[in-house]
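Close look at the chain arrangement
Single-letter residue listing:
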Amino acid sequence: MFGEFYLNLGILNPENFITSHIDFMDTSLISFEAADLLSRITGQKLNRRDLTPLVIFLANLVMVLLGVMFVDGTVAEEEKQRLLTTLYRFSNPESDIRRLTHLMIKGIKENES
């Protein structure tokens, strides 16, 4: 769905477009509370320096995508696969970013109620 949108705009690779623009994000306004919240969600001790533009982007993307998945109360296997496929486009398989993304998903699911 989003890929089609970007392709219609003439952007051939939406992931490269997004990640190339993430580096320009101003993270100076990220608060201690944001780091604390992500630390509690992931179970990892994070500080403001850990909250890179990519981490902030992925945290927001995880929240939006999980919200869309859970809105109807049921999550189909296809939705789970689409979530992971989308998120995997932004990280390498053995990267800390990939592990942190999985911890975000797990933490949000556990605190869903």
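Basis of the calculations
- Residues numbered from 1 in each chain as written.
- Predicted model: local features only at pLDDT ≥ 70, side-chain atom pairs only at ≥ 80, totals over all residues.
- Heavy atoms only, no water.
- Helix = DSSP H or I, 4+ residues; strand = E, 2+ residues; numbered from the N terminus.
- Buried < 20%, exposed > 50% of the residue type's maximum accessible area, 1.4 Å probe, protein only.
- Contact = heavy atoms within 4.5 Å.
- Areas by Shrake-Rupley, 256 points an atom, 1.4 Å probe, with all protein chains shown as cover.
- Axes fitted to C-alpha atoms, helices over the stretch in contact; angles between N-to-C directions.
- Parallel < 35°, antiparallel > 145°, perpendicular 65-115°, else oblique.
- Nonpolar A, V, L, I, M, F, W, Y, C, P; charged D, E, K, R; others polar.

**Focus on the overall build of the protein**
If you tally the helices and strands in the protein, you get six helices and zero strands. Along the protein, helices and strands appear, N-terminal first, in the series α-α-α-α-α-α. When burial is assessed residue by residue, the protein has 32% of its 113 residues classed as buried. In the protein, once contacts between residues fewer than 6 apart in sequence are set aside, the share between residues at least 24 apart is 56%. Looking at the protein as shown, the accessible area adds up to about 7,900 Å², and 58% of this sits on carbon and sulfur atoms.

**Topic: the packing of helix H3 (residues 32-42) against helix H6 (residues 96-110)**
At a minimum axis separation of 7 Å, H3 and H6 run at an interaxial angle of 80°. As summarised for this structure, H3 and H6 are arranged roughly perpendicular, according to the angle between their axes. For the pair H3 and H6, contact is made by Leu38, Ile41 and Thr42 and by Leu100, Leu103, Met104, Gly107 and Ile108, respectively. Here the residues of the contact of H3 with H6 sort into six nonpolar, two polar and no charged.

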